[in-house]
Amino acid sequence: MSEPLVIVGNGMAAARLVDELAKTALGRYAIAVIGDEPRLAYNRVLLSAVLAGDTASHDIELRPADWWRDRGVTLKYGCAVTEIDVGRRELKIANDESIAFSKLVLATGSMPLRLNVPGAELKGVNTFRDSRDVDLLLTLAAARKRVVVIGGGLLGLEAAYGLAKAGASVTLVHLMDRLMERQLDAPAAALLKSLVEAKGIEILLNANTARIIGENRVEGVELSEGRRIAANAVIFAAGIRPNVVLAREAGIAVNRGIIVDDRLQTGVFDIFALGECAEHRGICYGLVEPAYEQARILAQHLAGRTAAYQGSVVATNLKVSGVSVFSAGDFLGGEQSESIVLSDVKRGTYKKLVIADGRLNGAVLVGDVADALWYLELIRAGGAVARIRKDMMFGRTAATLAEAA
Ligand SMILES: Cc1cc2nc3c(=O)[nH]c(=O)nc-3n(C[C@H](O)[C@H](O)[C@H](O)COP(=O)(O)OP(=O)(O)OC[C@H]3O[C@@H](n4cnc5c(N)ncnc54)[C@H](O)[C@@H]3O)c2cc1C
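Quick caveat, the model's predicted, so the values are computed rather than measured.

A. Structural detail: the overall build of the protein. The helix and strand tally for the protein stands at ten helices and 25 strands. Here the protein has a C-alpha radius of gyration of 23 Å; the compact-globule value for 405 residues is 22 Å, and the two agree. Seen through its principal axes, the protein has C-alpha atoms that stretch 65 × 65 × 35 Å. For the protein, restricting intrachain contacts to residue pairs at least 6 apart in sequence, the fraction spanning at least 24 positions comes to 61%. Taken as a whole, the protein presents about 18,600 Å² of accessible surface, with 49% of it coming from carbon and sulfur. Between the centroid of the 47 positive side chains of the protein and the centroid of its 47 negative side chains there is a distance of 2 Å.

Written out as structure tokens, the structure is:
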């Protein structure tokens, strides 16, 4: 008889895990997936495209219903798991049902952070995490509302761009002195700012939100320097927190995320975690690629093979507010490294390569990202770049031709 394997969360990591299990351990497990969002698993990354009107919401489903059925997966969506009984190997679901497991995988993702400021609970304060949020943001934009987006990272920029494109009037406020400070150096961030402003979005840097103004619903935002920005709605896009509540309440060890070892096993035998809710070697990843790598390793392990997750080298390679941006490795550089920079603000292009010990250590690209994956390969390979150093700034083709000459 197949062993009952239950996955909590029906997001991107869960869907990939089932995909990998179908390849490696078909028939070994009776798989059940329980998710609290009221729809089939979808590509969360594409929510930005849905908001920007480039894709329809129903087109972002990862797999159709019959794909799950054909693999014998029991799907329960629209219901949250409320408790893990570790001793009895049983889960409680919000509708009072219980479900037994032999192996359990937690894939509960993250929660958007809400700033702890007065007014944060007012009507009209929203987040940008799931497809229900997108429906709400599109309603705001269609009514041409004034919206303040709090947070100048990837999510904030995507929310601001989508809202503005759909008709809202948008101000983005960011606490730091530059946009996307965890991915971009100062010149790259300045170029991105000017390209985003050119799309009609107002950007305020060094802007600390003191409170959200309003009686019953949002009327504006007040910054700590006293400035007030009128608004009908506020979107928090100021970070995420791994969703660890279930694990913590069950006595499973958590730090910022649910602590897992190299097999993605938590502190409890045969209970695993992956994706944004997991913390591996002190790192909680907020991107989808590490979740996919973890799914591959966990599927191998569940299939009885030897596999160990060693961590991921993350790169940012995205279109942010319609502008192509790439960053990877140590993109800031330091005293022990040197940088090669090409900046053409008029063409909207900035490139910086950081070299240390004769190896490419990091890169930032804005505008022209055609060679991003090649730079990422060079960073990951960690080989000497002396032979292509002179030409590598001009891309793979130029460097390969020069090397062959
Ligand atoms: C708008 C947006 C744009 C993004 N863009 C990018 C990008 O360009 N590149 C990139 O790499 N990453 C991007 N990300 C991040 C990426 O989407 C996540 O890294 C990825 O979805 C993580 O997968 P996950 O399965 O761990 O979590 P999720 O996809 O969040 O899935 C977790 C699921 O678990 C459910 N759940 C939680 N608790 C329970 C419970 N108790 N019971 C049942 N179900 C539960 C949640 O409702 C959710 O459906 C973006 C995210 C957003 C929101």
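B. The arrangement of the site of the ligand in detail. Not every one of the 31 residues close to the ligand is listed here, only the nearest: Ala 13, Asp 36, Glu 37, Arg 129 and Glu 276. Interatomic distance of 2.8 Å between a backbone N/O atom of Ala 13 and an oxygen atom of the ligand. Interatomic distance of 2.9 Å between a side-chain N/O atom of Arg 44 and an oxygen atom of the ligand. Expressed as a share of its isolated accessible area of 1,000 Å², the protein-covered part of the ligand is 91%. Elements supplying a minimum of two residues to the shell around the ligand: helix H1 (12–24), strand S2 (29–35) and helix H5 (154–165). A class-by-class count of the residues in the shell around the ligand yields 16 nonpolar, ten polar and five charged.

C. Inspection of H1 at higher detail. Over its 13 residues, H1 runs 19 Å from end to end, which matches the ideal 18 Å to within 8%, given 1.5 Å per residue. In terms of burial, H1 is a largely internal element, eleven of the 13 residues being buried. Regarding H1, the residues found buried are Met 12, Ala 13, Ala 14, Ala 15, Leu 17, Val 18, Asp 19, Glu 20, Leu 21, Ala 22 and Thr 24. In this structure, the buried side of H1 is in contact with strand S1 (3–8), S2, helix H3 (65–70), strand S7 (103–106) and helix H8 (288–302).

D. View of the nonpolar core. Grouped together as the largest cluster of nonpolar side chains are 57 residues, with contacts concentrated most on Leu 91 and Leu 106. Of all hydrophobic cores here, the second largest spans 41 residues; its members include Ala 160, Leu 163, Ala 168 and Ala 188.

E. Layout of helix H4 (residues 131–142). Taking 1.5 Å per residue, twelve residues should reach 16 Å; H4 reaches 16 Å between its end C-alpha atoms and fits that length. Residues Ser 131, Asp 133, Val 134, Leu 137, Leu 140 and Ala 141 constitute the buried set of H4. Down the axis of H4, the buried side of the element spans an arc of 165°, and every buried residue falls inside it. In H4, the exposed residues that point more than 90 degrees away from the buried face are Thr 139 and Ala 142. If you follow the buried residues of H4, they end up packed against helix H2 (47–51), strand S9 (125–127), H5 and strand S16 (233–236). The first or second residue beyond H4 is Arg 144, which carries a positive phi of 55°.

F. Up close: the environment of Ala 303. With respect to the helices and strands, the residue Ala 303 is situated in the loop between H8 and strand S21 (315–320). A sequence separation of 280 residues divides Ala 303 from Lys 23, and the C-alpha atoms of the two residues are 9.6 Å apart. Setting aside chain neighbours within four positions, we find Ala 303 in contact with Thr 24, Ala 25 and Arg 28.

G. Main features of the sheet that holds S2. The strand order S3-S2-S1-S7-S19 describes an open sheet built from five strands, whose pairing is parallel. The strands lining the two open edges of the sheet, one partner per strand, are strand S3 (74–77) and strand S19 (271–273). Sheet twist, expressed as the average angle between the axes of neighbouring strands with direction ignored, equals 15°. Judged from the four bridges that link them, S2 and S3 form a sheet pairing that is parallel. Paired with Gly 35 across the bridge in S3 is Tyr 77. Each of S1, S2 and S7 touches H1; the most contacted strand, S1, lies at about 155° to it.

Scoring rules and cut-offs
- Residues numbered from 1 in each chain as written.
- Predicted model: local features only at pLDDT ≥ 70, side-chain atom pairs only at ≥ 80, totals over all residues.
- Heavy atoms only, no water.
- Helix = DSSP H or I, 4+ residues; strand = E, 2+ residues; numbered from the N terminus.
- Rg over C-alpha atoms; globule rule 2.2 N^0.38 Å.
- Contact = heavy atoms within 4.5 Å.
- Areas by Shrake-Rupley, 256 points an atom, 1.4 Å probe, with all protein chains shown as cover.
- Lys, Arg positive; Asp, Glu negative; His and termini not counted.
- Charge placed at Lys NZ, Arg CZ, Asp CG, Glu CD.
- Near = heavy atom within 4 Å.
- Polar contact = N/O pair within 3.5 Å; in protein donor to acceptor, adjacent residues only side chain to side chain.
- Nonpolar A, V, L, I, M, F, W, Y, C, P; charged D, E, K, R; others polar.
- Expected span 1.5 Å × (residues − 1).
- Buried < 20%, exposed > 50% of the residue type's maximum accessible area, 1.4 Å probe, protein only.
- Core = buried A, V, L, I, M, F, W, Y, C linked by side-chain atoms within 4.5 Å.
- Arc of directions from axis to C-beta.
- Pairing = 2+ DSSP bridges.
- Axes fitted to C-alpha atoms, helices over the stretch in contact; angles between N-to-C directions.

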